[in-house]
Amino acid sequence: MSSPSVSQPELSGPEVPQVPASYNPPQTSVASAPSASLYVGELDATVTEAMLFEIFNMIGPVASIRVCRDAVTRRSLGYAYVNYLNASDGERALEQLNYSLIKNRACRIMWSQRDPALRKTGQGNIFIKNLDEAIDNKALHDTFAAFGNVLSCKVATDDQGRSKGYGFVHYETSEAAEQAIKAVNGMLLNDKKVYVGLHVSRKERQSKLDEIKAHFTNLYVKNLDEEVTQEEFENLFSKYGTITSALISVDHEGKSKGFGFINFEKHDEAQKAVDELHDSEFKGKKLFVSRAQKKAEREEELRKSYEQAKLEKLNKYQGVNLYLKNLEDTIDDDKLRAEFEPFGTVTSCKVMKDDKGVSKGFGFVCFSSPDEATKAVAEMNNKIIGTKPLYVSLAQRREVRRQQLESQIAQRNHIRAQQAAAAGISGGYINGPMYYPPAGPAFPQGRGMMGYPQPGMMPPRGAPRYPPGGMPVPGYPQAPPQGYGMPAYPPRGPPRGPPPPRGPGSSPTVPNAPAPRANGAPPANGAPRAPQSGAPVSGGRAPATQPQPSNASVAAAAAGSAAPQASEAAAPELPTITPEQLAAASPMEQKQMIGEIIYVKILGEYPDLAGKITGMLLEMDNSELLHLLDNAQALNGKVAEALSVLNEYKQ
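All values derive from a computational prediction rather than experimental measurement. (Residues numbered from 1 in each chain as written. Predicted model: local features only at pLDDT ≥ 70, side-chain atom pairs only at ≥ 80, totals over all residues. Heavy atoms only, no water.)

Caption draft 1: Representation of the overall build of the protein within the structure. Scanning the protein from N- to C-terminus turns up 18 helices and 26 strands. A buried classification covers 38% of the 651 residues belonging to the protein. Considering only contacts within the protein whose residues lie at least 6 apart along the sequence, 62% involve residues at least 24 apart. If you sum the accessible surface of the protein, you get close to 37500 Å²; carbon and sulfur atoms cover 51% of it. (Helix = DSSP H or I, 4+ residues; strand = E, 2+ residues; numbered from the N terminus. Buried < 20%, exposed > 50% of the residue type's maximum accessible area, 1.4 Å probe, protein only. Contact = heavy atoms within 4.5 Å. Areas by Shrake-Rupley, 256 points an atom, 1.4 Å probe, with all protein chains shown as cover.)

Caption draft 2: Representation of the sheet that holds strand E8 (residues 125–129) in the model. The four strands are arranged E9-E10-E8-E13 in an open sheet whose pairing can be described as antiparallel. Both outer strands of the open sheet, strand E9 (150–157) and strand E13 (195–198), are each paired with one neighbouring strand and no more. When strand polarity is set aside, the average angle formed by the axes of neighbouring strands in this sheet is 20°. Both E8 and E13 contribute to a ladder of four bridges, which runs antiparallel. Note that in E13 the partner of phenylalanine 127 across the bridge is glycine 197. Helix H4 (residues 137–144) contacts E8, E9, strand E10 (163–171) and E13 of the sheet and is inclined by roughly 140° relative to E9. Strand contacts of helix H5 (residues 174–184): E8, E10 and E13, with the helix running at about 155° to E13, the strand carrying the most contacts. (Pairing = 2+ DSSP bridges. Axes fitted to C-alpha atoms, helices over the stretch in contact; angles between N-to-C directions.)

Caption draft 3: Quick peek at the packing of aromatic side chains. Summed over the entire model, instances satisfying the criterion amount to 19 aromatic pairs. Ring plane angle 65° and centroid distance 6.4 Å describe the contact between tyrosine 220 and phenylalanine 288, whose orientation is recorded as edge-to-face. With tyrosine 220 in strand E14 (residues 218–222) and phenylalanine 288 in strand E19 (residues 288–291), this residue pair connects regions lying 68 residues apart in the sequence. On the basis of relative accessibility, which here comes to 22%, the residue tyrosine 220 falls in the partly exposed class. Since its relative accessible area comes to 28%, phenylalanine 288 is described here as partly exposed. A ring pair is formed by tyrosine 323 and phenylalanine 362, whose centres lie 6.1 Å apart and whose planes are at 45°; its orientation type is tilted. With tyrosine 323 in strand E20 (residues 321–325) and phenylalanine 362 in strand E22 (residues 359–367), this pair connects stretches of sequence that are 39 residues apart. Under the relative-accessibility criterion, tyrosine 323 is labelled partly exposed at 24%. A residue is classified by how much of its surface remains accessible, and phenylalanine 362, at 25% relative accessible area, is partly exposed. The rings of Tyr220, Phe259, Phe261 and Phe288 are connected pair by pair, giving a single aromatic cluster. (Phe/Tyr/Trp six-rings, centres within 6.5 Å; stacked < 30°, edge-to-face > 60°.)

Caption draft 4: How the structure looks around the pairing of strand E16 (residues 256–264). In this sheet, E16 lies alongside E14 in antiparallel orientation, the contact comprising five bridges. Along E16, the bridge assignment pairs asparagine 218 with asparagine 263. Both strand E15 (residues 243–250) and E16 contribute to a ladder of six bridges, which runs antiparallel. By the bridge assignment for E16, valine 250 is matched with serine 256. Adjacent in sequence and paired antiparallel, E15 and E16 are bridged by five residues, among which glycine 254 carries a positive phi angle near 90°.

Here it is as structure tokens:
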């Protein structure tokens, strides 16, 4: 669609200044975006880091990408941050990819503003309304880019993506914003006269609305008799003051709809009319007279009143209403009441059912006093009703449960960060951004420049963390760098049987050997690294007469000698873990031990995807992973979810 042109209005107005052909918007300097970080907004909820990487990596090497997600549901919030290694690549991405389609939605790209002061002050931000529906983000940007450097441009849309008729343009300087207002306000865009003015924050707008409400002159009148004429309507209100306008709403046949509007010259006159005529009778009907309101304002007041009534109702039943789940399908309201009546007076009892009348497995019981409810919780929680243990607790609002979940997740992340810090792992691992090295079709070995594997570099997305056969990925060491906040997993060998008892501080994959360090990854070809003392290594093992080698050398030698063993084993034996071994291992070691068992279980059915699926499952907590080991059905369900994600990514 061609961008709308600024044409002369029908009435006389300020002329649009002629922009010279040689005019170029000022380029954003590196100083304004020293981190080369871009904000990418208006994203579809299904867009992932991998999709964005494929798009933005075409411009230049990407350092990291993060799609911002909800802390509890992990659903995308609709925006992401893309960090380039070079500021010039960020400028080219802003120029070439802004307003491009991602999942059939035009994305909006701008420099990431680390300092919120520019956004909060609103300097250089203008508001445009009465826009034609055909004008989108790009068309609006092209129209207003002639007056200065545009930081951000957006047309407000509804849930279906249709324009709401207004938008915003944020300029780098207030001078450019004032020039745009002076030039375009009152002009025609796509044959529609638009209003352009400085953006006013919601707080300031609300204060003005409150002032208007306090000095209203326009009244809304309903419950009018259909026989009331326009003259009678005006005569009814004329005794209270000077009327500037009056209207009874009628349908297409000219019949009264039973309501109308009347506007007085002064606020005092309107207020007097409300006080005397509201709830008064006129021609046999009780009138409703009040300040005229817009539809949005009425809906907001109704919503607030509904929320207030709901809150009062919840407070009334606070501490006496119980929530029950894990109910048998055969339990109905009467049976549930009979179970709880021994603890006190049950005022209400209900088992929730679906449209077909089948129990949903949960319900509510309300007592007359908090003491009775507390006694019922203490006695009935975990009691076997039928064949299931009943869960009983005080009923909570959804917002309260959400806050509790968020606090639990924050506390869990804090504990993880403390454990990671104690283990010498960078704290950036917790909810850190995903790191992508520059991808390429082939990676020559021995190069030390960007674009080739570096020591400790993470393999590209798509390279399995657990490749078939348990062999290390050729060309990539197995320990990611500490600087990018990834955990230092020890090198992975083939699956083995039950590990022998280990001494304190030993590696879970190399019995009686110290755990390898993050910078002690084996060479890319899988060969063992020579000890730091310079002594030769024969057959991938250090001779017994040699001095004690470093921790990294022992781990590398174990990984190197494990490769031929993996090829010799046609069917890997399923490892087992004892509770004693889990208790003695750190959380990182526990995850690795569990991962080896899950990998072997998946390998038989999905030999080509076992590594990718296992890597995805290891993002779960250790307690959930242990549940997958004991429950084959739960494991199959998680594997199916991982396969669906992989298939969606391939499409």
